[in-house]
Amino acid sequence: MNLERHHTRLYSRRLAGRAGCRRSICLYYCLGILWTLTGTLPADGISADKSGMKDPTASFGRRREAQIVTPAKDQLTASESAKNAGIKVQSHSRLGTPVSVRGKDIGRRGAFSGGKGLAMRGGGAFERDAVAVLDNVSRIFRIRDAEKEFKSQRTETDALGFHHARMRQVHQGLPVVGGDLIVHFNGRGEAYEVNGAYVPGIDVGTTPALAGAEAVKLAAADLAGLKKPTGALTEGPTLCVFALNADPALAYQITLNYADAKSEPGRWRYWVDAITGAILLRYNDIPKIDPPTTNGTPAMI
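The written sequence of each chain sets the order in which its residues are numbered from 1. Predicted model: local features are reported for residues with pLDDT of at least 70 only, side-chain atom pairs are reported and counted for 80 or more only, and whole-chain, interface and lining totals are derived from all residues. Water and hydrogen atoms play no part in the side-chain values, which are based on all heavy atoms of the structure.

Q: Can you explain the overall build of the protein chain? Please cite residues and give values.
A: Within the protein chain, the secondary structure is distributed over 7 helices and 12 strands. When a residue's accessible area, from a 1.4 Å probe over protein chains only, is under 20% of the maximum for its type it is buried; when over 50% it is exposed; and in between it is partly exposed. In the protein chain, which comprises 301 residues, the share counted as buried stands at 51%. Partitioning the contacts of the protein chain with sequence separation of at least 6, the portion at a separation of at least 24 is 58%. Working definition of accessibility: Shrake-Rupley area with a 1.4 Å probe, residue cover restricted to the visible protein chains. Of the roughly 14,000 Å² of accessible surface on the protein chain, 52% is carried by carbon and sulfur atoms. Labels follow the DSSP assignment, with helices taken as runs of H or I lasting at least four residues and strands as runs of E lasting at least two, numbered in each case from the N terminus. Contacts are assigned to residue pairs that have any heavy atoms within 4.5 Å of one another.

Q: Describe the side chain of histidine 184, naming the residues involved and giving the relevant values.
A: Secondary-structure assignment places histidine 184 in strand S6 (residues 174–185). Any pair of nitrogen or oxygen atoms within 3.5 Å is treated as a polar contact; in protein, a donor-acceptor pairing is required on top of that, and neighbouring residues in sequence qualify only through side-chain atoms on both sides. There is a polar contact of 2.7 Å between the side chain of histidine 184 and the side chain of histidine 164. A distance of 2.9 Å separates polar atoms of two side chains, one belonging to histidine 184 and the other to asparagine 195.

Q: Account for the packing of aromatic side chains, naming residues and giving values.
A: What describes a pair of aromatic rings is the distance from one ring centre to the other and the angle between the planes of the rings. Stacked, tilted and edge-to-face pairs are distinguished by plane angle, under 30 degrees for stacked and over 60 for edge-to-face with tilted covering the rest, among Phe, Tyr and Trp rings (Trp via its six-membered ring) whose centres lie within 6.5 Å. Here the structure, examined in full by the defined rule, presents 5 aromatic pairs. Residues phenylalanine 126 and phenylalanine 185 carry aromatic rings whose centres are separated by 5.1 Å and whose planes lie at 55 degrees to one another, so their mutual orientation is tilted. With phenylalanine 126 in helix H4 (residues 126–136) and phenylalanine 185 in strand S6, this pair connects stretches of sequence that are 59 residues apart. A ring pair is formed by tryptophan 271 and tyrosine 283, whose centres lie 6.3 Å apart and whose planes are at 5 degrees; its orientation type is stacked. Residue tryptophan 271 is found in strand S10 (residues 266–273), and its partner tyrosine 283 is found in strand S11 (residues 279–289); the two are separated by 12 residues along the sequence.

Q: Would you mind going over the nonpolar core in detail, with residue names and values included?
A: Within this scheme, the nonpolar core is defined by two criteria: the residues are buried Ala, Val, Leu, Ile, Met, Phe, Trp, Tyr or Cys, and they are joined through side-chain atoms within 4.5 Å. By size, the foremost hydrophobic cluster in this structure holds 26 residues, and its most contacted members are Leu134, Ile140, Phe141, Met167, Val183, Phe185 and Val194. Where this core is concerned, the elements lending two or more residues are helix H3 (73–84), H4, helix H5 (138–141), strand S5 (163–171), S6 and strand S7 (191–197). When residues of this core are assigned to their parent elements, the largest contribution, 5 residues, is made by H4. Ignoring sequence-local partners within four residues, the contact set of isoleucine 140 consists of Gln75, Ala78, Ser79, Ala82, Val89, Pro98, Val101 and Phe112.

Q: Tell me about the pattern of salt bridges, and please be specific about residues and values.
A: Salt bridge, as used here: a side-chain nitrogen of Lys or Arg that lies within 4 Å of a carboxyl oxygen of Asp or Glu. The tally for this structure, following the rule as stated, stands at 11 salt bridges. Residue arginine 139 pairs with aspartate 74 through a salt bridge whose shortest N-O separation is 2.9 Å. Separated by 65 residues along the polypeptide, arginine 139 in helix H5 and aspartate 74 in helix H3 bring together distant segments of the chain. Residue aspartate 74 is classed as partly exposed on the basis of its relative accessible area, which comes to 43%.

Q: Before we move on, could you go through H3 and cite the residues and values that matter?
A: The α-helix winds at 3.6 residues per turn, so residues separated by three or four positions along the chain end up facing the same way. Given the number of residues in a helix, its expected span is that number minus one, multiplied by 1.5 Å. Its 12 residues place the ends of H3 17 Å apart at the C-alpha level, agreeing with the 16 Å of an ideal helix rising 1.5 Å per residue. Among the residues of H3, Gln75, Ala78, Ser79 and Ala82 are the ones counted as buried. Buried positions in H3, seen along its axis, are confined to an arc of 100 degrees and lie on one side of it. Across H3 from its buried face, at more than 90 degrees, point the exposed residues Lys73 and Asn84. Contact partners of the buried residues in H3: strand S2 (88–91), strand S3 (98–102) and H5. Two residues or fewer past H3, glycine 86 is found with a positive phi of approximately 85 degrees. Along the arc lie the directions from the helix axis toward the C-beta atoms.

Q: Lay out the environment of valine 199 in plain terms, naming residues and giving numbers.
A: Inspection of the secondary structure puts valine 199 in the loop between S7 and helix H7 (212–225). Put simply, valine 199 and phenylalanine 141 are 58 residues apart on the chain and 8.9 Å apart in space, counted from C-alpha to C-alpha. Among residues more than four places away in sequence, those in contact with valine 199 are Leu95, Gln169, Val176, Gly178, Gly179, Ala243 and Pro248.

Q: Outline unusual backbone geometry, supporting the account with residue identities and numerical values.
A: Following glycine 236, the chain continues to proline 237 via a peptide bond in cis, the omega torsion being 0 degrees. Its identity as a non-glycine residue notwithstanding, lysine 227 has a phi of 65 degrees, on the positive side. Given a relative accessible area of 74%, lysine 227 falls into the exposed group. Phi is positive for asparagine 245, close to 60 degrees, though the residue is something other than glycine. Following the sequence through the fold, asparagine 245 ends up in the loop between strand S8 (232–242) and strand S9 (249–258). Looking at asparagine 245, the relative accessible area reads 30%, which means it is partly exposed.

Q: Quick rundown of the side chain of histidine 164? Include the residues and the values.
A: Structurally, histidine 164 is set in strand S5. For histidine 164, the side chain forms a polar contact with the side chain of aspartate 158, separated by 2.8 Å.

Coordinates in, geometry out; function isn't part of it.
As structure tokens, this is what we get:
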């Protein structure tokens, strides 16, 4: 177990180097914890352009401060059973679900187990086995149906032969922004940890009141209000459930790009409420590297 604990730290650091050049939204919302929108942390000294970032809990449209979720009785019973079996459970203060469940062979059935009794089959099918592990710990997380609520993103194998299956939470087929879990397997193929964020009890309809084209217009108007160049639509509008530091809401995910000679380039990511049209979150996803001195300015990568 000591090797696995040490390995998790090394794996998190290695992932950090990649995340800074891809998705660094976590720097603003999730710094200080080991899970984020992508399940990684940005590399030291690398950040996204935070100018113009909108806090999804700010008063805007129908949005309000995210509610604190109280763990269910059966969930607490399962967590206590897991602890009695030597499994460590660390909980999220707001979601009421674990940020980490760690122990020896947590894919094996025990007093804490729930779900359908899906069995791990081995043979290197880690994405399939990850669903079985999530099914096994479903009572601890309050997962209703692991087979329906998770979609595999990818599995990474490191130099020590450990495997890490990234699972995106989905709601009625739509990706949940703010819901991602990583299932970690040791060299023997045994699951030793599940960490990340799971958003429980999502009860959001999937029919938008706002057309995707209208959401794009709202995002473009907001960008213009920031005195930025006109952005070209490069991604979206794609429906999702936005639950990042906020109560779940049906939303459109949109990306607007521009490369203006008179200003820095922009890759603005937007989440627009598909019911009210509120801007739930926006930020410029152009990575920058922090200056080596306090009087310097960040440089784009």
